[in-house]
Amino acid sequence: TRKLDGGALHDDCVAAVKHAATLCEANGHIIEEATPAFDLAALVPAFLSVWTANLAAAIDFVAMLTGQTPSADVFEGLTWGMYEAGKRVAGSEYLIAKAALQQASRRAAKFHESHDLWLAATLGTPPMKIGTFDIDERDIGKGFMPLFDYVPFTAMQNVTGQPAINLPLFWNDDGLPIGVQFAGPYGDELTLLQLAAELERTSPWAHRYAQIKV
């Protein structure tokens, strides 16, 4: 019901999490409030170092295969800013960052020794309008800070490799779906699919869609 740094989520997202917890409890599951103990101060910069370095490597590899030279005019500004940042990541910095991500994976594994699944909001706010984020901003600090607030949980599964599933179980007063995410232990997709099937039977959502205007 809060972000990993302790910050507040939008009220709609909190309501969605509590609603999902109530549905699970009604189906006989045991619910308790708990959070994996991640070191965000080390994890956020490590995540950016690994992400940008891998993106730079991918761009350079494609350029090598195709005989092209990467240039800003063929990329969105934010992607080019990440490319430039990735080119500046030193080898030792990359390896230290990778170790920080591995530590986070072990902490997630420790959490799942006592909890089958981890329930959180999928997003930090209701869905944003198109154009809210400036994809042409080359300064990745400016470009990504709003995104970190918008997606405060999902990047963790990019780090740990955990399976996760987003379920539309709640709608706000504007009729927008507010998703919740269940994350499971590494390799345990089966439990997630079983829970999703159970929730879809008891709280179906197939009938919830906007009127299509032709």
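Rules used in this analysis
- Residues numbered from 1 in each chain as written.
- Predicted model: local features only at pLDDT ≥ 70, side-chain atom pairs only at ≥ 80, totals over all residues.
- Heavy atoms only, no water.
- Helix = DSSP H or I, 4+ residues; strand = E, 2+ residues; numbered from the N terminus.
- Buried < 20%, exposed > 50% of the residue type's maximum accessible area, 1.4 Å probe, protein only.
- Contact = heavy atoms within 4.5 Å.
- 1 Å grid on protein atoms, 1.4 Å probe; cavity = no way out; pocket = protein on both sides within 12 Å on 5 of 7 lines; lining within 4 Å.
- Points joined across faces, edges and corners; volume = space filled by probe spheres on them.
- Nonpolar A, V, L, I, M, F, W, Y, C, P; charged D, E, K, R; others polar.
- Core = buried A, V, L, I, M, F, W, Y, C linked by side-chain atoms within 4.5 Å.
- Lys, Arg positive; Asp, Glu negative; His and termini not counted.
- Salt bridge = Lys/Arg side-chain N within 4 Å of Asp/Glu carboxyl O.
- Patch = residues over 30% accessible without salt bridge, like charges linked within 9 Å, V, L, I, M, F, W, Y side chains within 5 Å.
- Areas by Shrake-Rupley, 256 points an atom, 1.4 Å probe, with all protein chains shown as cover.
- Pairing = 2+ DSSP bridges.
- Axes fitted to C-alpha atoms, helices over the stretch in contact; angles between N-to-C directions.

A. Up close: the environment of Phe111. Its place among the elements puts Phe111 in helix H4 (residues 91-111). Given the relative accessible area of 8%, Phe111 is considered buried. The spacing of Phe111 and Ala34 is 77 residues in sequence and 8.9 Å in space, taken between C-alpha atoms. Beyond its immediate stretch of four places on either side in the chain, Phe111 contacts Ala34, Thr35, Pro36, Leu117 and Trp118.

B. Broad picture of the layout of surface pockets. Considering only enclosed or pocket space, the largest pocket measures out at about 900 Å³ in volume. Looking at the largest pocket, it is lined by 32 residues, and the ones nearest its centre are Ile30, Ile31, Glu32, Leu117 and Leu119. Within the residue set of the lining of the largest pocket, elements represented by two or more residues are helix H1 (11-26), strand E1 (118-121) and helix H7 (189-202). The element best represented in the lining of the largest pocket is H1, accounting for six residues. Split into classes, the residues belonging to the lining of the largest pocket amount to 17 nonpolar, eight polar and seven charged. A volume near 360 Å³ is recorded for the second largest pocket. In this structure, the second largest pocket is lined by 16 residues; those nearest its centre are Leu4, Leu40, Val44, Phe148 and Pro152. At the level of elements, helix H2 (40-66), helix H5 (140-150) and helix H6 (155-160) are the ones that each hand at least two residues to the lining of the second largest pocket.

C. Representation of the nonpolar core in the model. Judged by nonpolar contacts, the single largest core of 40 residues is most densely connected at Phe38, Trp118, Leu167, Leu169, Val180, Phe182 and Leu199. Secondary structure elements with two or more residues in this core: H1, H2, H4, E1, H6, strand E2 (164-167), strand E3 (180-183) and H7. For Phe182, the residues in contact, after removing those within four places along its chain, are Ala20, Cys24, Leu117, Trp118, Leu119, Pro163, Ala164, Ile165, Leu167, Leu192, Leu195 and Leu199. Counting residues in hydrophobic clusters, the runner-up holds eight residues, among them Ala56, Trp80, Met82 and Tyr83.

D. Structural detail: empty space enclosed by the protein. Going through the model one piece at a time under the given rule, you end up with one cavity of 30 Å³ or more. The space that makes up the largest cavity amounts to roughly 50 Å³. Those elements that provide at least two residues to the lining of the largest cavity are H2 and H4.

E. A look at the side chain of Glu198. Relative to the assigned elements, Glu198 resides in helix H7. Here Glu198 sits buried without a salt bridge, and the closest side chain of opposite charge, Arg201, lies 5.1 Å off (N-O distance).

F. Structural context of a nonpolar patch on the surface. Together, Phe61, Met64 and Leu65 line one region of the surface with nonpolar side chains, adding up to about 360 Å² of accessible area. Turning to its location among the elements, Met64 is positioned in helix H2. Take Met64: its relative accessible area is 57%, and that puts it in the exposed class.

G. Molecular detail of the pattern of salt bridges. Summed over all chains, the structure comprises three salt bridges. In this structure, the salt-bridge partner of Lys87 is Asp60, at a minimum N-O distance of 2.8 Å. Of the two residues, Lys87 is situated in helix H3 (residues 77-87) and Asp60 in helix H2; the sequence distance between them amounts to 27 residues. Judged by relative accessible area, which is 25%, Asp60 ranks as partly exposed. Glu113 is the partner of Lys110 in a salt bridge, and the nearest nitrogen-oxygen pair spans 3.3 Å. Judged by relative accessible area, which is 55%, Lys110 ranks as exposed.

H. Here's a closer look at the sheet that holds E1. Pairing is antiparallel in the open sheet, where three strands are placed in the order E1-E3-E2. A strand with exactly one partner marks an edge of an open sheet, and here the two such strands are E1 and E2. If you compare each strand with its neighbour and ignore which way they point, the axes differ by 25° on average. In this structure, E2 lies alongside E3, joined through four bridges in antiparallel fashion. Following the sheet pairing, Ile165 is matched in E3 by Phe182. Across the face of the sheet, H7 comes into contact with E2 and E3 while running at roughly 15° to E2.

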